[in-house]
Amino acid sequence: MNRLRAWFLAPTWTVVITLFLAPLAIILGYSFLTRGVYGGITLSWTLESYQRLIDPIYLEILWRSFWIAGASTVLCLLLGFPLALFISRAGRHKNFYLGLVMLPFWTSFLVRTYAWMFLLRDTGLLNTLLQKLGVIHSPLPLLYNDGAVILGLVYGYLPFTVLPLYATLERLDRTLLEAAADLGARPWAALTRITIPLSAPGIRAGAILVFIPCLGAYLTPDLLGGGKSVMIGNLIQNQFTTARDWPFGSAVSLVLMAIVMVLLFVIARGEGEGLL
Amino acid sequence: MKRTPALAIYAVGAYLFLHLPLLILSIFSFNSSRFTVWEGFSLRWYSAALHDSQLTEAAWNSLIIAAVATLFSTVLGTLCAYGLWKRTSRPLAGSLYLSLVTPEIVTGISLLAFYQWIFRFLHAQLGMHTVILAHVSFCLAYVVIVVIARLRTVDATLEEAALDLGANEWQAFRYVTLPAILPGVVAAGLLAFTVSFDDYVITSLVAGVDSETLPMVIYAIARRGVNPVVNAISALIVIGFGSLVMISERLRSA
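Residues numbered from 1 in each chain as written. Chains lettered and ligands numbered in written order. Predicted model: local features only at pLDDT ≥ 70, side-chain atom pairs only at ≥ 80, totals over all residues.

## Digging into the overall build of chain A
Rules: Runs of H or I in DSSP of at least four residues are treated as helices and runs of E of at least two as strands, each being numbered from the N terminus. Exposed residues have 12 or fewer other C-beta atoms within 10 Å of their own C-beta, buried residues have 20 or more, and partly exposed residues fall in between, where C-beta atoms are placed from the backbone. Placing a C-beta atom from the backbone of each residue, one calls two residues in contact when those atoms lie within 7 Å.
When its secondary structure is counted, chain A shows 13 helices and 2 strands. Summarising its shape, the C-alpha atoms of chain A cover approximately 75 × 70 × 35 Å along the three principal directions. Within chain A, the proportion of its 276 residues that are buried is 44%. Taking the contacts inside chain A whose residues are at least 6 apart along the sequence as the reference set, 70% of them involve residues at least 24 apart.

Right under this line is the structure:
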């Protein structure tokens, strides 16, 4: 068996090494090099790119990314929990309701982000509607701010919280709730003292699954934040295109990777690895 | 358990939140006005989209890239999933998992840096091939996950029986296990196709002049504001993707 298995794994190993690990190794190298005069790379080793990260401008971008990703994660959990609870109690229609959550998730992320631009911009549907109804007289600035970015991220990643929450709620021992009810617990007490504490693994998994892509988001802050809401992803992209400072862009990328890996392997203890 | 009406009402609201934006966008793609005021049913934006050579060319590029990347990532990923199912390899499984959670922007710029470095030694430049290679790479992990989930439902003793009856390892894979996981393989392929077709962040970084994809054109237009032609394309993408995903889900549970 071992020979066939080796042949079967070899092509994927080749792709993973050449197109994933080697590129990461290259930016690791670049992050210690110096930027050339014309934006190239000069071979002189330095920690300067990492030291520049302590600059308040960049710390603020880092802080803002954490803040936006954190707010989106909390909102996803708050919105996702009741929905997961509903699905877990939906009897034989469970799969249908779950599919209904996943369907928009698999339809183009770009299109879903664009849909919010269509709804939120000054001449968009919401503002047009509100003006027609006479609620407002001039359009509300709904697009191109942090709120729009958070909305876009919540919309994009809500399914990521519903799935793991549903998975834990599904396994929840119902007899505990019956026992609590028999002992006189009101539904709210049963929810806060039994259901929520017991779904902690799902809450943790859902939080990590949303926080990570939100932290590294590029597309949403660019389209819905309109360049005003700069996050780490936009900073990296900018260093590799307009600013042409590849060593600094590489250093920021690696810091982002390091944060992601700490979150995954330390806090979530590599839970998702069970998928593979 | 008694049904809580409050929860059901909340669920209706949540589903509206998830589905209304795309539904409204699709409805307005049939609006004859270019503004967000309904003026009547019209297919003019669909016709405009079909006659826009930049859009159709980009759509072709996207289809070609997604088809080739799907083919390679599905074949490679299926073989890999089978190998990992036999006996797992922590370094490989870990690397694939890491590639799945790496922020797209990091994957994109590291590939760009890698290509630029390689091009110092090779006479090549960014184009369709660099995009396809990038797509094969990021689609692989998705394929492996879907196929391995399917493999876990397969009875491993069937292969042992085949081996006892004189089949070699390849034949056991080819005639026993592969037919059993085929729906999963097709589902993985459809998933890879949608992931590849939709990608903007990585693609835009490693694309050359000849390889502008549909998401790149949509993105460029979206950055300038809203355009009814994009509404029409979006509606087509939503319907196309939706059908692919529903087929894929059917196959996965089949």
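This is not the end of the story, as more comes after the structure.
## Overview of the overall build of chain B
Assigned secondary structure in chain B consists of 11 helices and 0 strands. Helices and strands in chain B line up, N terminus first, as α-α-α-α-α-α-α-α-α-α-α. With the principal axes as the frame, chain B shows a C-alpha extent of 70 × 70 × 30 Å. A total of 254 residues make up chain B; the buried ones form 48% of that total. Counting only contacts in chain B whose residues sit at least 6 apart along the sequence, the fraction spanning at least 24 positions is 79%.

## A closer look at the environment of Val144 of chain B
Residues and elements named next belong to chain B. With respect to the helices, strands and loops of the structure, Val144 is situated in helix α6 (residues 128-151). Here Val144 falls in the buried class, since 30 other C-beta atoms lie within 10 Å of it. Residues Val144 and Tyr97 lie 47 residues apart in sequence; the distance between their C-alpha atoms is 9.9 Å.

## A short note on the interface of chain B and chain A
Selection rule: Only Asp, Glu, Lys and Arg are considered charged, only Ala, Val, Leu, Ile, Met, Phe, Trp, Tyr, Cys and Pro nonpolar, and every remaining residue, Gly among them, polar.
With 76 residues of chain B in contact, the opposing surface of chain A contributes 70 residues. Going through the elements one at a time, α1 (5-28), α3 (53-86), α4 (90-101), α5 (104-118), α6, α8 (169-198), α10 (214-224) and α11 (228-253) of chain B are the ones with two or more residues in the side of chain B that touches chain A. At 12 residues, α1 of chain B tops the list of elements feeding residues into the side of chain B that touches chain A. Tallied by class, the residues present in the side of chain B that touches chain A amount to 53 nonpolar, 16 polar and 7 charged.

## Re the confidence of the model for chain A
In low-pLDDT segments, the atomic positions of the prediction should not be examined closely. Selection rule: Here pLDDT means the predictor's own confidence in every residue, given as a number from 0 to 100.
Averaged over all residues, the pLDDT of chain A is 87; the fraction at 70 or higher stands at 95%. Mean pLDDT per element in chain A: strand β2 (residues 41-42) of chain A is the minimum at 74, and helix α3 (residues 56-88) of chain A is the maximum at 94.

## Notes on α5 of chain B
What counts, and what does not: Here, expected helix span is obtained from the residue count minus one, scaled by 1.5 Å.
For α5 of chain B, spanning 15 residues, the distance from its first C-alpha to its last is 21 Å, which sits close to the expected 21 Å at 1.5 Å a residue. Burial within α5 of chain B is extensive, with 12 of its 15 residues counted as buried.

## Overview of the nonpolar core
Note on soluble globular proteins: their nonpolar side chains tend to be buried together. Keep this limit in mind: Remark: nonpolar core denotes a set of buried Ala, Val, Leu, Ile, Met, Phe, Trp, Tyr and Cys residues whose joining runs through C-beta atoms within 7 Å.
Ranked by internal contacts, the top residues of the largest apolar core, which has 159 residues, are Met117 of chain A together with Tyr142 and Val144 of chain B. With 15 residues, the top contributor of residues to this core is α6 of chain B.

## Observations regarding the packing of helix α4 (residues 94-106) of chain A against α1 of chain B
Quick note on the threshold: Here an angle of 0 to 180 degrees is reported between the N-to-C directions of two axes, which are lines fitted to C-alpha atoms, with helices fitted over the stretch in contact. Should the near helix be turned counterclockwise from the far one by less than a right angle, the crossing is left-handed, whereas a clockwise turn marks it as right-handed.
At a minimum axis separation of 10 Å, α4 of chain A and α1 of chain B run at an interaxial angle of 35 degrees. The chirality of how α4 of chain A crosses α1 of chain B is left-handed. Where α4 of chain A approaches α1 of chain B, its residues Leu100, Val101 and Pro104 of chain A are matched on the opposing element by Tyr15, Leu18, His19 and Leu22 of chain B. When grouped by side-chain class, the residues that make up the contact of α4 of chain A with α1 of chain B number 6 nonpolar, 1 polar and no charged.

## Description of unusual backbone geometry
Residues and elements named next belong to chain A. With a phi close to 65 degrees, Tyr144 is a non-glycine residue in the positive phi region. Checked against the element boundaries, Tyr144 lands in the loop between α6 (125-132) and α7 (146-171). Positive phi, normally seen in glycine, also occurs at Arg244, with a value near 50 degrees.

## Details of the environment of Asp199 of chain B
All names here are of chain B. Checked against the element boundaries, Asp199 lands in the loop between α8 and α9 (201-206). The exposure class assigned to Asp199 is buried, which follows from the 28 C-beta atoms found within 10 Å. Sequence separation between Asp199 and Ile105 is 94 residues; the distance between their C-alpha atoms is 11 Å. Beyond its immediate sequence surroundings of up to four residues, Asp199 is in contact with His135 and Pro215.

## Describing the packing of helix α5 (residues 109-120) of chain A against α10 of chain B
The description of two packed helices rests on the angle between their axes and on the distance between the axes. Worth spelling out the cut-off: Should an angle fall under 35 degrees it is called roughly parallel, over 145 degrees roughly antiparallel, and 65 to 115 degrees roughly perpendicular, with every other angle called oblique.
Two elements in contact, α5 of chain A and α10 of chain B, have axes whose closest approach is 11 Å; the angle formed by their N-to-C orientations is 15 degrees. By the angle between their axes, α5 of chain A is roughly parallel relative to α10 of chain B. For α5 of chain A against α10 of chain B, the interelement crossing comes out left-handed. Together, Leu110, Tyr114 and Met117 of chain A of α5 of chain A and Pro215, Ile218, Tyr219 and Ala222 of chain B of α10 of chain B make up the contact between the two elements. Across the contact of α5 of chain A with α10 of chain B, the residue classes break down as 7 nonpolar, no polar and no charged.

## Concerning the confidence of the model for chain B
All names here are of chain B. When pLDDT is averaged across chain B, the result is 90; 98% of the residues are at 70 or more. Looking over chain B, one finds the lowest element-wise mean pLDDT in α11, namely 84, and the highest in α3, namely 95. Here the prediction assigns the complex a pTM of 0.89, and the interface score ipTM is 0.89.

## Re the environment of Ser31 of chain A
Residues and elements named next belong to chain A. Here Ser31 is to be found in the loop between α1 (2-30) and β1 (34-35). As a C-alpha pair, Ser31 and Leu254 span 223 residues in sequence and 8.1 Å in three-dimensional space. Sequence-distant contacts of Ser31, defined by excluding residues within four places in its chain, comprise Ser49, Pro247, Ser250, Ala251 and Leu254.

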